[in-house]
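# Chain and residue survey
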Amino acid sequence: MKIVIFIIAIFIGKFAQSQEIIESDVRINTFVNGTLLQPQNAQDTIAIIIGGSGPTDRNGNQRTSQNNSLKKLAQGLSNDGIATFRYDKRIFALIQQNALVEEKISFDDFVNDAIAVIDYFNTKGFSTIILVGHSQGALIATLAAQKRDVDKLVCIAGAGQTIDKVIVDQLALQAPGLVDNATQAFTDLKQKGKSEKFNIGLVSIFRPSVQPFMKTWMRYDPATELSKISIPILLVNGSKDLQVNEKEGEILKNSNPNAKSIHVKDMNHVLKIIEGDDLENSKSYNESYRPVATELIEHLVTFIKS
């Protein structure tokens, strides 16, 4: 089920492009480790790329999804003279350290990680900081932008509703027989603090060890949080996104009249152009050779440099 993809939810060297780009492994703290790409002519601007849900690494990959979407996004921006930093999500780092205790993970942990990255680069001579959040990372970036002075915010494939509503909408398309059970399980989670009567098909969402995290995630309404942002905002959605449809982007746009919204034709959730059907779309999650959408890079470069 594609719903699992949404919920379960490198290193030092140099390479030649249109200009020299220095690639460095940077450790922010115990939980945050990532890759800095710094073009030789880049001065004071950096785009911090924040990945989506689950144990997502700095390149946008998980165990069952190897697409290098965030790596190629970072490279595309850096090839146009913009320094980028992308980092492993906390869950990925904890798994690598054999230290993951699911019950102790809070959505606010991810926000604090993003804040730690902002604070780090504020001390490294970068006076202009752009947050680029993908999927769940869009909400993380939005919340971090409320707590630190950053210059611009980019939300790519960000949900416009609370995560429980997003999941129910996804189920309505992918597994309509589970909608009523999921709706009741979310209600129980909100009202009783836990859910006990959920279908086995929903175990990735409602297993007891994940429920504490889901409760903290459900607290945040992305549209409400985006309405609090006064800096320039760019919202990006793709017409072939099977996980976050364009309606979610419209909800976000309607929450903040200052936000600019763009739609990339045929771009899917992992930022690849899909010309065929849903099977091609699903297969692309493990086709790392595919480039990210050129139009996406062009829009982001224009927004960041404007």
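Here, the structure is the one placed above.
Heads up: these notes are all about the structure in this document. Nothing here was measured: the structure is a model prediction, and the numbers come from that model.

### Quick notes on empty space enclosed by the protein
Its volume calculated, the largest cavity comes out at about 160 Å³. Around the largest cavity sit 18 residues that line it, and Ser-135, Leu-139, Gly-158, Ala-159 and Pro-222 are the ones nearest its centre. Those elements giving two or more residues to the lining of the largest cavity turn out to be helix H5 (136-147) and helix H10 (222-226). Among the elements that line the lining of the largest cavity, the one with the most residues is H5, at four residues. In terms of residue class, the lining of the largest cavity is made up of 12 nonpolar, six polar and no charged. When its volume is computed, the second largest cavity comes out at roughly 30 Å³. Every residue along the wall of the second largest cavity is listed here: Ile-50, Tyr-87, Lys-89, Arg-90, Phe-110, Asp-113 and Ile-140. Considering only residue class, the lining of the second largest cavity consists of four nonpolar, no polar and three charged.

### Considerations on the nonpolar core
Counting residues in hydrophobic clusters, the biggest one holds 65 residues, and the most contacted among them are Ile-48, Phe-85, Phe-107, Phe-121, Leu-131, Leu-153 and Met-214. Top element by residues in this core is helix H4 (residues 107-122). It accounts for nine residues. Dropping the residues within four chain positions of it, Phe-121 is found in contact with Ile-28, Leu-36, Ile-46, Ile-48, Phe-85 and Phe-126. One finds Leu-73, Ala-293, Leu-300 and Ile-304 within the second-largest nonpolar core, a separate group that totals 28 residues.

### Focus on the packing of helix H2 (residues 69-79) against helix H13 (residues 294-305)
Remark: H2 packs on H13, axes separated minimally by 10 Å, with the N-to-C direction vectors making an angle of 50°. With respect to H13, the element H2 is oriented oblique. Seen along the crossing, H2 lies across H13 with a hand that is right-handed. Contacts from Lys-72, Leu-73, Gly-76 and Leu-77 in H2 reach Leu-296, Ile-297, Leu-300, Val-301 and Ile-304 in H13.

Analysis parameters
- Residues numbered from 1 in each chain as written.
- Predicted model: local features only at pLDDT ≥ 70, side-chain atom pairs only at ≥ 80, totals over all residues.
- Heavy atoms only, no water.
- 1 Å grid on protein atoms, 1.4 Å probe; cavity = no way out; pocket = protein on both sides within 12 Å on 5 of 7 lines; lining within 4 Å.
- Points joined across faces, edges and corners; volume = space filled by probe spheres on them.
- Helix = DSSP H or I, 4+ residues; strand = E, 2+ residues; numbered from the N terminus.
- Nonpolar A, V, L, I, M, F, W, Y, C, P; charged D, E, K, R; others polar.
- Core = buried A, V, L, I, M, F, W, Y, C linked by side-chain atoms within 4.5 Å.
- Buried < 20%, exposed > 50% of the residue type's maximum accessible area, 1.4 Å probe, protein only.
- Contact = heavy atoms within 4.5 Å.
- Axes fitted to C-alpha atoms, helices over the stretch in contact; angles between N-to-C directions.
- Parallel < 35°, antiparallel > 145°, perpendicular 65-115°, else oblique.
- Left-handed = near helix turned anticlockwise from the far one by under 90°.

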